[in-house]
Amino acid sequence: MNPIQSQYAPCPKCGSVNASKSGYTWWGGFVGPAILSHVNCNVCGTGYNSKTGKSNTNGIIIYVVASIALACVIFGGCAMLGIFQNQ
Ligand SMILES: [Zn+2]
């Protein structure tokens, strides 16, 4: 029998595998942490990617920028439609 393997990669800061999945984060709501496999270390509190064992900082930045860009496209598109309707 194989030993039970941890569900998550070790914490990049302290090396612990004792981590919990993030349900909700300020930067990604409920969807962001699910996409990035984001977990929080139960020992030191560091948030990281449970698949790669690395910090999710770059992923968070990309996610936030993409969200803002998408919002601009959606709202920009709606604003343009509004202008066309008024003409
Ligand atoms: Zn840790």
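This text gives an overview of the structure that appears in the document. (Residues numbered from 1 in each chain as written. Predicted model: local features only at pLDDT ≥ 70, side-chain atom pairs only at ≥ 80, totals over all residues. Heavy atoms only, no water.)

**As for the side chain of Ser50**
At step 1: Along the polypeptide, Ser50 turns up in the loop between β3 (47-49) and α2 (57-86).
At step 2: If we skip the residues at most four places from it in the chain, Ser50 touches Tyr8, Ala9, Ser37 and Val39. (Helix = DSSP H or I, 4+ residues; strand = E, 2+ residues; numbered from the N terminus. Contact = heavy atoms within 4.5 Å.)

**What about the coordination of the zinc ion?**
At step 1: The zinc ion binds to the protein through Cys11 (SG), Cys14 (SG), Cys41 (SG) and Cys44 (SG); the donor distances cover 2.3 Å.
At step 2: Here the zinc ion binds 4 donor atoms, and the angle range of 105 to 116° at the metal identifies the geometry as tetrahedral.
At step 3: Spacing between the donor residues of the zinc ion along the chain follows C-x2-C-x26-C-x2-C.
At step 4: Here Cys11 falls in the buried class, since its relative accessible area comes to 5%. (Donors = N, O, S within 2.8 Å, 3.2 Å for Na, K, Ca; no water. Tetrahedral: all angles 85-135°; square planar, octahedral: opposite > 155°, others 65-115°. Buried < 20%, exposed > 50% of the residue type's maximum accessible area, 1.4 Å probe, protein only.)

**Quick look at the sheet that holds β3**
At step 1: What the 3 strands build is an open sheet, ordered β1-β2-β3; its pairing is antiparallel. If you trace the sheet from one side to the other, it starts and ends with β1 (19-21) and β3, each paired once. Each adjacent strand pair in this sheet contributes to an overall mean axis angle of 40°, direction not counted.
At step 2: Where β1 lies against strand β2 (residues 38-41), 3 bridges are found, and the strand directions are antiparallel. Residue pairing for β2: Ser20 is matched across the bridge by Asn40. (Pairing = 2+ DSSP bridges. Axes fitted to C-alpha atoms, helices over the stretch in contact; angles between N-to-C directions.)

**Comments concerning the environment of Lys51**
At step 1: In this structure, Lys51 sits in the loop between β3 and α2.
At step 2: Classification of Lys51 by relative accessible area gives exposed; the value is 70%.
At step 3: Between the alpha carbons of Lys51 and Ser37 there is a distance of 6.6 Å; along the sequence they are 14 residues apart.
At step 4: Leaving out residues up to four positions away in the same chain, Lys51 has contacts with Ala9 and Ser37.

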